[in-house]
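# Coordinates in review
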Amino acid sequence: MLIGSSLMPQKKNPDSLELIRGKAGRVFGRCTGFMMTLKGLPSTYNKDLQEDKEAMFEVYDTMCGILQVSAGVLSTLKVNSDACSSALTPDMLATDLAYYLVRKGIPFREAHGLSGVCVSLAEKNGCSLKDLKLADFKSVSNVFEEDVNKVWDYEHSVEQYQSTGGTSRACVTEQISKLETWLQQ
């Protein structure tokens, strides 16, 4: 689903999901307002509930529109796997480098800082994180070992998150299955 540009009519912008994201602020704002009204109900005559209608109808209308656009986007979506793969860069795995250190026993706050030092070192050396040598990593922390090179495997990065709601294939498949079951009820 594409939207035409206001300046260049020949240009098509795939910004449907950005617009949905923008609507989320309004929906959550209305939800927060509604919760503020509800919190005082136990000690009142509930007359303040007359204020919920405008917010609820607006959120309902907004969600109907969002769901229509989302269905359209998802039904026409074509993922270009090659373009996605070529867009991956080692700096995207800097947090994985921090998790690597956590698994070696370093507290996350410290590991995050050490990962940042590694990023700075790579920038200083004019290379990517994965091109740093083991000696470079060890100059930051002696905890680094040869297995640090496993951090630069993008598929491993996704598969390592096995908890509920995680990014591994098994977790995503489970989430899809639960959602399909819920939709059929």
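Residues numbered from 1 in each chain as written. Predicted model: local features only at pLDDT ≥ 70, side-chain atom pairs only at ≥ 80, totals over all residues. Heavy atoms only, no water.

On to the overall build of the chain. Helix and strand counts for the chain stand at 8 helices and 2 strands. Helices (α) and strands (β) of the chain occur, in sequence order from the N terminus, as β-β-α-α-α-α-α-α-α-α. Taking 185 residues into account, the globule formula puts the C-alpha radius of gyration at 16 Å, and the chain, at 24 Å, lies well above it. Once the C-alpha set of the chain is aligned to its principal axes, its extents read approximately 70 × 55 × 40 Å. By the burial criterion, 23% of the 185 residues in the chain qualify as buried. (Helix = DSSP H or I, 4+ residues; strand = E, 2+ residues; numbered from the N terminus. Rg over C-alpha atoms; globule rule 2.2 N^0.38 Å. Buried < 20%, exposed > 50% of the residue type's maximum accessible area, 1.4 Å probe, protein only.)

A word on the pattern of salt bridges. Counted according to the given criterion, the structure contains 9 salt bridges. Between E58 and R30 there is a salt bridge; the shortest N-O distance is 2.7 Å. Placement of the pair is E58 in helix α2 (residues 52-76) and R30 in helix α1 (residues 16-39), with a sequence separation of 28 residues. Accessibility expressed as a relative area gives 22% for E58, which makes it partly exposed. Here R30 falls in the partly exposed class, since its relative accessible area comes to 24%. Among the ionic pairs, K104 bridges to D147, the shortest N-O distance being 3.1 Å. Here K104, found in the loop between α4 (94-103) and α5 (108-125), pairs with D147, found in the loop between α6 (134-140) and α7 (154-159); they are 43 residues apart in sequence, far enough to count as distant. Taking the relative accessible area as the measure of exposure, K104 reaches 30% and is therefore partly exposed. Look at D147 and you get partly exposed, because its relative accessible area is 29%. Here the salt bridges share partners, and the residues they tie into one network are R26, R30, E54 and E58. (Salt bridge = Lys/Arg side-chain N within 4 Å of Asp/Glu carboxyl O.)

Turning next to the packing of aromatic side chains. On inspection of all chains with the given rule, the structure shows 5 aromatic pairs. Ring geometry for Y100 and F144: centres 5.7 Å apart, planes at 10°, overall stacked. Within this pair, whereas Y100 is found in helix α4, its partner F144 is found in the loop between α6 and α7, the two being separated by 44 residues in sequence. A relative accessible area of 0% means that F144 is categorised as buried. Chaining the aromatic ring pairs together yields one cluster made of Y100, F137, F144 and W152. (Phe/Tyr/Trp six-rings, centres within 6.5 Å; stacked < 30°, edge-to-face > 60°.)

Looking now at the side chain of T62. Structurally, T62 is set in helix α2. Aside from chain neighbours lying at most four places away, what touches T62 is K23 and V27. (Contact = heavy atoms within 4.5 Å.)

Let us look at the environment of E180. Inspection of the secondary structure assignment puts E180 in helix α8 (residues 169-184). In sequence terms E180 and S168 are 12 residues apart; their C-alpha atoms lie 18 Å from each other.

Turning next to the layout of surface pockets. Its volume calculated, the largest pocket comes out at about 160 Å³. What lines the largest pocket is Y154, E155, V158, E159, T167, R169 and V172. Contributions of two or more residues to the lining of the largest pocket are made by α7 and α8. With 4 residues, the single largest contributor to the lining of the largest pocket is α7. Each residue belonging to the lining of the largest pocket can be placed in one class, and the counts come to 3 nonpolar, 1 polar and 3 charged. (1 Å grid on protein atoms, 1.4 Å probe; cavity = no way out; pocket = protein on both sides within 12 Å on 5 of 7 lines; lining within 4 Å. Points joined across faces, edges and corners; volume = space filled by probe spheres on them. Nonpolar A, V, L, I, M, F, W, Y, C, P; charged D, E, K, R; others polar.)

This is a description of form; function is not addressed.
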